[in-house]
Amino acid sequence: MKGPKSLTIVIKLGTSSIVDEKTHEPLIDILSLIVKTAVKLHKDGHKVIIVSSGAIGVGLRRMDLEKRPKYLPRIQALAAIGQCRLISLWDSLFGHLRQPIAQILLTRNDIADRTQYLNAQNTFAELLEMGVIPIVNENDTIAVTEIKFGDNDTLSAITAAMVHADYLFLMTDVDCLYDKNPRSHPDAKAIEVVEDISMLEADVSSAGSALGTGGMSTKIVAARLATSAGVTTIITRSSNPGNIANIVTYVQSLKSSPQSITPQPCSPPSGNISPAITLVNEPLSRPTASLKLEPVPVAPLHTRFIPSPQPIRDRYFWLLHGLAPHGTVYIDAGAHRALENKAGLLPVGVVDVEGTFAQQEAVRLVVVDRIPRSALSPRSSTSTLVNGINHGVKLWEGPGMEVGRALVNYSAIEIMRIKGVRSGEIEGLLGYAESEYVALRENISFFKRESRPVTPSLELL
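Read on for a plain summary of the structure. Position numbers for residues start from 1 in each chain and track the written sequence from start to end. Local features in this predicted model are restricted to residues of pLDDT 70 or higher, and side-chain atom pairs are both shown and tallied only at a pLDDT of 80 or more, whereas totals for entire chains, interfaces and linings draw on every residue. For the side-chain quantities, the full set of heavy atoms in the structure was used; hydrogens and water were omitted.

Let's talk about unusual backbone geometry
Okay, step 1: Even without being glycine, Asp64 reaches a positive phi, approximately 55°.
Okay, step 2: To qualify as a helix, a DSSP run of H or I must reach at least 4 residues; to qualify as a strand, a run of E must reach at least 2; elements of each kind are numbered from the N terminus. Among the secondary structure elements, Asp64 is positioned in the loop between helix 2 (55-62) and helix 3 (72-95).
Okay, step 3: Not every positive phi belongs to a glycine, and Asp314 is a case in point at roughly 55°.
Okay, step 4: Mapped onto the elements of the fold, Asp314 is located in helix 9 (residues 314-322).
Okay, step 5: Residue exposure (1.4 Å probe, protein chains only): buried if accessible area is under 20% of the type maximum, exposed if over 50%, otherwise partly exposed. The partly exposed category is assigned to Asp314, whose relative accessible area is 31%.

Right under this line is the structure:
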C-alpha cells in the first residue's frame, strides 16, 4: 500500500456489521478487523474516515429491548444511550493500537448553511492532518424526517464528497451487486464494474436489516452521489475488512499501469488471490522491444463504480445535495440554454412556480415546454389565487425534466408575480428590485446529464 500518493478512504459500516440483528451484541470480531485495517491504512500513509451506524442497535442491547420501537422520541432516546457506548467501543478498540479517534455527529441542518458546511469541511481536514480517524454518524438524537440524510449510505457519500475522498467503501452483507438475487438464483452473475449507473440492471431486493434503514437500493443512490463528486465507490462484504486494502491495491495498480490492460474477473469469495494479466494486442507502427509488465493482482469480489471524469465538487455539490429544496421553479428551454452558457436566471425565462419558499432558499429547477402565446385560449387572462400566489392559466406542457438546484433571490410569491417579464419591469410590479436575476449563476448547479444523482428523502427510502 505504500506509494507516492496519500489516499483518502471513507469506510461506511451499517448496523448489521456492528451489532447482531437478534441479540444486539456488538460484533467484536468484525469491529476488531475493521480497526486493524483502518490503522494499517493509516500507517501506510492514507487518511481514513469511518461512517458508523449502530447507535440505536447498541442502545437496544443496553436497555434489554428486543426490537426497534416505532415511537420517534423513544428511538431518539435509544440513539442517545447507544451513541455513548458505541463511541466508547470504537475508542477502546482503537486505543489498543494507540490510534486517536474523533466523534462527528451530523444532520442535514448542519450542512444546509454554507458557513457550517465549510466549518465541518475544515474540521475534517484538520483532524486528518493531525493523524486522527474521525468516526461519523447521523445525530439521531435530534434528527427528524425533515433534517435527516435518510440513511448512513447517503451520509457517507456526502462525507466523501466533502473531504474529496479517493475511495468510498460501502460495507454490506454480500460480496457485490448481482444481476439477480444470489440467495434464490444460483446462476446470478456478479456485477464487477459499473461505468454508468443510469444503465445499471441489478438486484436491489435486499432491504437492509431490521435494525437499520438502508438496503442495496440506498447504496446505489449513495454511489450516484459519490461518483458524481469524483469518488471511486466500492460495494463489498463487511465480514472481511482486509479486502479493503487488497481492493485499493488492485485499483491503484490499474490506474498506474502504463500499458493497456484488461482487468481479470474478481476472485470468488473462497478463491485465492493470484497474479493475472491480459494484454490487449494493438497494431504497432514499428517494431518495439518487448515490455516486462508487473502482474496486476486479482481483486477480492466487489462492485466498483467508476467516478465521473468531470466531478461536481465544493459549492456546486453543496447546492445539489447539501440543501433540501423547498419548492420548484419551472423554466423554458431558452433559459436553460442561457444557464448552460453561464448566464444567470432572468424572470423572463421563468414559466411557473410551485411550493412556498423564501429568499435564499433552495429550489428545484425543472425545464418544461412553454406553450406559445398563439396557442393559449382567450381565458388565459383569468387567474386563480392559491396560498396568496396569483396562478394564471398553465403556460407549459409535458412532464418536465429536473436539471438542477438554485438559491433564489426572490420568494415564491415574488417570482410568481414577475415570471415571464423583463428585469426592467420588476420594480414596477413589486415596488422594489432586489436583483435583476431570479437566481445568480454562481448559485445554480446542474446534475450530470448521464446519470442524475438525487439526494433521497426518508419518505422515498
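Having seen the model, we can carry on.
Comments concerning the nonpolar core
Okay, step 1: Only buried Ala, Val, Leu, Ile, Met, Phe, Trp, Tyr and Cys residues count toward a nonpolar core, and they belong to the same one when joined by side-chain atoms within 4.5 Å. Ranked by internal contacts, the top residues of the largest apolar core, which has 49 residues, are Val10, Val136, Leu168, Leu177 and Phe305.
Okay, step 2: Of all the secondary-structure elements, those providing two or more residues to this core are strand 2 (47-52), strand 3 (101-106), helix 5 (114-129), helix 6 (152-162), strand 5 (167-172), helix 7 (216-228) and helix 9.
Okay, step 3: Whether two residues are in contact is decided by their heavy atoms, any of which lying within 4.5 Å being enough. With residues up to four places along the chain from it excluded, the contact list for Leu168 reads Val10, Ser156, Ala157, Ala160, Ala226, Val231, Thr232, Thr233 and Ile234.
Okay, step 4: Ile18, Leu89, Trp90 and Ile247 belong to the second-largest nonpolar core, a separate cluster that totals 37 residues.

Things to note about the side chain of Ser435
Okay, step 1: With respect to the helices, strands and loops of the structure, Ser435 is situated in the loop between helix 12 (426-430) and strand 19 (444-446).
Okay, step 2: Taking relative accessible area as the criterion, Ser435 reaches 18% and is therefore assigned buried.
Okay, step 3: When residues no more than four places from it in sequence are discounted, the contact partners of Ser435 are Asn409, Tyr410, Ile426 and Leu440.

So, the sheet that holds strand 12 (residues 303-305)
Okay, step 1: One open sheet holds the 8 strands; their spatial order is 3-4-2-1-5-9-12-8, and the pairing between them is mixed. The open sheet has two free edges, formed respectively by strand 3 and strand 8 (193-194), since each of these has just one partner strand.
Okay, step 2: Of the pairings in the sheet, the one linking strand 1 (residues 8-13) to strand 5 comprises 5 bridges and is parallel in character. Bridge pairing in strand 5 links Lys12 to Leu170.
Okay, step 3: As a rule, the C-alpha atoms of each element are fitted with a line to give its axis, helices using only the stretch in contact, and angles between N-to-C directions run from 0 to 180 degrees. Packed on one face of the sheet, helix 1 (residues 28-43) meets strand 1, strand 2 and strand 4 (133-138) and runs near 155° to strand 2.
Okay, step 4: Against the sheet, helix 8 (residues 243-256) touches strand 1, strand 5, strand 9 (232-237) and strand 12, its axis set at about 140° to strand 5. For two strands to pair, DSSP has to find at least two bridges joining them.

Section: the pairing of strand 9
Okay, step 1: Along strand 9, 5 of the 6 residues are buried, which leaves the element largely enclosed by surrounding structure.
Okay, step 2: Looking at chain direction, strand 5 and strand 9 are connected through 6 bridges and run parallel. Residue pairing for strand 9: Leu170 is matched across the bridge by Ile235.
Okay, step 3: When strand 9 meets strand 12, the two strands line up antiparallel, connected through 3 bridges. Within strand 12, the residue paired with Ile234 across the bridge is Arg304.

A look at the pattern of salt bridges
Opposite charge on two side chains lets them pair, provided their charged atoms get close.
Okay, step 1: The working definition used for a salt bridge is a side-chain nitrogen of Lys or Arg within 4 Å of a carboxyl oxygen of Asp or Glu. Inspection of the entire model under this criterion finds 11 salt bridges.
Okay, step 2: In this structure, the salt-bridge partner of Asp166 is Lys5, at a minimum N-O distance of 3.3 Å. Of this pair, Asp166 sits in the loop between helix 6 and strand 5 while Lys5 sits in the segment before strand 1; the two residues are 161 residues apart in sequence, bridging distant segments of the chain.
Okay, step 3: Linking Asp332 and Arg370 is a salt bridge whose minimum nitrogen-to-oxygen distance equals 3.0 Å. Pair noted here: Asp332 is in the loop between strand 13 (327-331) and helix 10 (333-340) and Arg370 is in strand 15 (residues 362-370), with a separation of 38 residues, a long-range link.
Okay, step 4: Classification of Asp332 by relative accessible area gives buried; the value is 14%.

Some words on the environment of Ile191
Okay, step 1: One can find Ile191 in strand 7 (residues 190-191).
Okay, step 2: Ile191 gets classed as buried once you look at its relative accessible area, which sits at 14%.
Okay, step 3: Separated by 12 residues in sequence, Ile191 and Asp179 place their C-alpha atoms 6.7 Å apart.

Concerning helix 1
Okay, step 1: The terminal C-alpha atoms of helix 1 lie 22 Å apart, and with 16 residues this matches the ideal 22 Å at 1.5 Å per residue to within 8%.
Okay, step 2: Buried within helix 1 we find Ile30, Leu31, Ile34, Val35, Thr37, Ala38, Val39 and Leu41.
Okay, step 3: Those residues of helix 1 that are buried lie in contact with strand 1, strand 2, helix 3, strand 4 and helix 8.
Okay, step 4: Once helix 1 finishes, Gly45 follows within two positions and takes phi at roughly 100°, a positive value. Here a helix's expected span is defined as the number of its residues, less one, multiplied by 1.5 Å.

Examining the pairing of strand 18 (residues 396-407)
Okay, step 1: Relative to strand 18, strand 15 runs antiparallel, the two sharing 8 bridges. Each residue of the ladder has a partner; that of Asp369, found in strand 18, is Glu397.
Okay, step 2: One ladder, built from 3 bridges, connects strand 18 with strand 19; its direction is antiparallel. Each bridged residue has a counterpart across the sheet, and for Gly404 the counterpart in strand 19 is Phe446.

A few points about the packing of helix 6 against helix 7
Relative orientation and spacing of two packed helices are given, respectively, by the angle between their axes and the distance between those axes.
Okay, step 1: Running from N to C, helix 6 and helix 7 point in directions that differ by 15°, and their axes come no closer than 8 Å. On the basis of the axis angle, helix 6 is roughly parallel to helix 7. Every pair of crossing elements has a handedness; the one defined by helix 6 and helix 7 is right-handed. Packed against helix 6, whose contacting residues are Asp153, Thr154 and Ala157, the element helix 7 presents Thr218, Lys219, Ala222, Leu225 and Ala226 at the interface.
Okay, step 2: Grouping the amino acids of the contact of helix 6 with helix 7 by side-chain chemistry returns 4 nonpolar, 2 polar and 2 charged. Orientation is classified from the angle alone, with under 35 degrees giving roughly parallel, over 145 giving roughly antiparallel, 65 to 115 giving roughly perpendicular, and any other angle giving oblique. Put simply, a crossing is left-handed when the front helix is turned counterclockwise from the back one by less than a right angle, and right-handed when it is turned clockwise. Only Asp, Glu, Lys and Arg are considered charged in this grouping, and only Ala, Val, Leu, Ile, Met, Phe, Trp, Tyr, Cys and Pro are considered nonpolar; every other residue, Gly among them, is considered polar.

Taken by themselves, the reported measurements are silent on function.
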